[in-house]
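# Residue-level structural notes
If you want the building blocks of each chain, they are given just below.
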Amino acid sequence: MKHALRLTILACVIFMAIGCSADQYSIERQYWQIQKRADRIFSNSEATPPRELEKAVNLLNQFSLKYPKSNLAVDADFTVARLYIVKNGFDSARVKLRSSLDKYNDSVSVCAEALFLIGNTYELQNKWAAALEEYRKIIQDYPQTQRGLDMPVYIAQHYKIKNQPEKMNLALQDAIAHYNSLAGKYPNTRLAFSSYILAAQSYAQLNDWRNAVNTYNTILLTFKNKVNLSGIMFEMALIYDQRLKDKTAAKEILSQLISNFPQSKLATPARELLKDLN
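Notes on the structure in this doc start here. (Residues numbered from 1 in each chain as written. Predicted model: local features only at pLDDT ≥ 70, side-chain atom pairs only at ≥ 80, totals over all residues. Heavy atoms only, no water.)

### Here we look at the packing of helix H11 (residues 230-243) against helix H12 (residues 247-260)
- The N-to-C vectors of H11 and H12 enclose an angle of 165°; their axes lie 8 Å apart at closest approach. The angle between the axes of H11 and H12 places the two elements in the roughly antiparallel class. For the pair H11 and H12, the sense of crossing is left-handed. Residues Ser 230, Met 233, Phe 234, Met 236, Ala 237, Tyr 240 and Asp 241 of H11 pack against Lys 247, Ala 249, Ala 250, Ile 253, Leu 254, Gln 256, Leu 257 and Asn 260 of H12.
- Across the contact of H11 with H12, the residue classes tally to ten nonpolar, three polar and two charged. (Axes fitted to C-alpha atoms, helices over the stretch in contact; angles between N-to-C directions. Helix = DSSP H or I, 4+ residues; strand = E, 2+ residues; numbered from the N terminus. Parallel < 35°, antiparallel > 145°, perpendicular 65-115°, else oblique. Left-handed = near helix turned anticlockwise from the far one by under 90°. Contact = heavy atoms within 4.5 Å. Nonpolar A, V, L, I, M, F, W, Y, C, P; charged D, E, K, R; others polar.)

Structure representation (structure tokens):
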């Protein structure tokens, strides 16, 4: 009797698992069909008639409402916004994205992406001040997301592309201050590690090579024996050699790299560079 009961329970578990798998497959297939319609608009947005946009948007909205707990619901909502964007419906895109901020307010990464897309819509309209406001919200409200980490450098790159060196330099200085603040607020974390790297790279863009290597050295001291630091050390060697003209320091850091990380893919280039410096 007990054996039969165990078999019955096992059969139920298997049935439920198969059922869940089938349901997920059905959901994914439904979304794939809708996404194909959206892809046709993305591939030829100018020739797409308004009724096709409306149909795709309605299907995506219906899907998101029907399966709110599916990860595809987020993708559906963002696809609606992107469809509006490619059709130059920037106001409609922003309305959709701002509704996503409320709908997914428990997901910092989704909210950061929504704000980023809102900023993009303003950029496409050459409204940089409005875009910058959204980007600063990401930095302030979602600093621990990947998008939040990227935004200070993104802002600086905007000014570089626009050939505004003074504003670029100020943005890089702001970025450095932000990254150092994050590293201090969340010490010995992956976030601190990434923040230090971005700070060093920002110093490099300012041609402040001494502070760049000092920041890299902070990484070596803070994260010793915790992560593979061969890439940091090789970058330091290049700065010492090519920018600071300090061959002694370059050789020292290369020797440490080879000794500490002999299996690193950078060990061989390090040996070659060390040979050239001797």
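Now, onward.
### Brief notes about the pattern of salt bridges
- Here the structure, examined in full by the defined rule, presents eight salt bridges.
- Two residues, Asp 91 and Arg 94, come together in a salt bridge whose shortest N-O distance is 2.8 Å. With Asp 91 and Arg 94 both in helix H4 (residues 90-103) and three residues apart, the pair spans about one turn of that helix.
- Under the relative-accessibility criterion, Arg 94 is labelled buried at 6%.
- A salt bridge links Glu 134 to Arg 98, with the shortest nitrogen-to-oxygen separation between them at 3.0 Å. Within this pair, whereas Glu 134 is found in helix H6 (residues 128-141), its partner Arg 98 is found in helix H4, the two being separated by 36 residues in sequence. (Salt bridge = Lys/Arg side-chain N within 4 Å of Asp/Glu carboxyl O. Buried < 20%, exposed > 50% of the residue type's maximum accessible area, 1.4 Å probe, protein only.)

### Structural notes on the layout of surface pockets
- In this structure, the largest pocket encloses a volume near 330 Å³.
- Around the largest pocket, the lining is made up of 17 residues, and of these Leu 220, Met 233, Ile 253, Gln 256 and Asn 260 lie nearest the centre.
- Tallied by class, residues from the lining of the largest pocket come to ten nonpolar, four polar and three charged.
- There is about 200 Å³ of room inside the second largest pocket.
- When residues of the lining of the second largest pocket are traced back to their parent elements, those giving at least two are H6, helix H7 (146-161) and helix H8 (165-185).
- Within the lining of the second largest pocket, the residues separate by chemical class into eight nonpolar, one polar and three charged. (1 Å grid on protein atoms, 1.4 Å probe; cavity = no way out; pocket = protein on both sides within 12 Å on 5 of 7 lines; lining within 4 Å. Points joined across faces, edges and corners; volume = space filled by probe spheres on them.)

### Comments concerning the packing of H6 against H7
- Across the interface, H6 lies against H7 with an axial gap of 8 Å and an inter-helix angle of 150°. Comparing the axis directions of H6 and H7 gives the class roughly antiparallel. In terms of crossing hand, the pair formed by H6 and H7 is left-handed. Every residue of H7 that contacts H6 at Trp 128, Leu 132, Tyr 135, Ile 138 and Ile 139 is listed here: Arg 147, Gly 148, Met 151, Pro 152, Tyr 154, Ile 155, His 158 and Tyr 159.
- Classifying every residue of the contact of H6 with H7 gives ten nonpolar, two polar and one charged.

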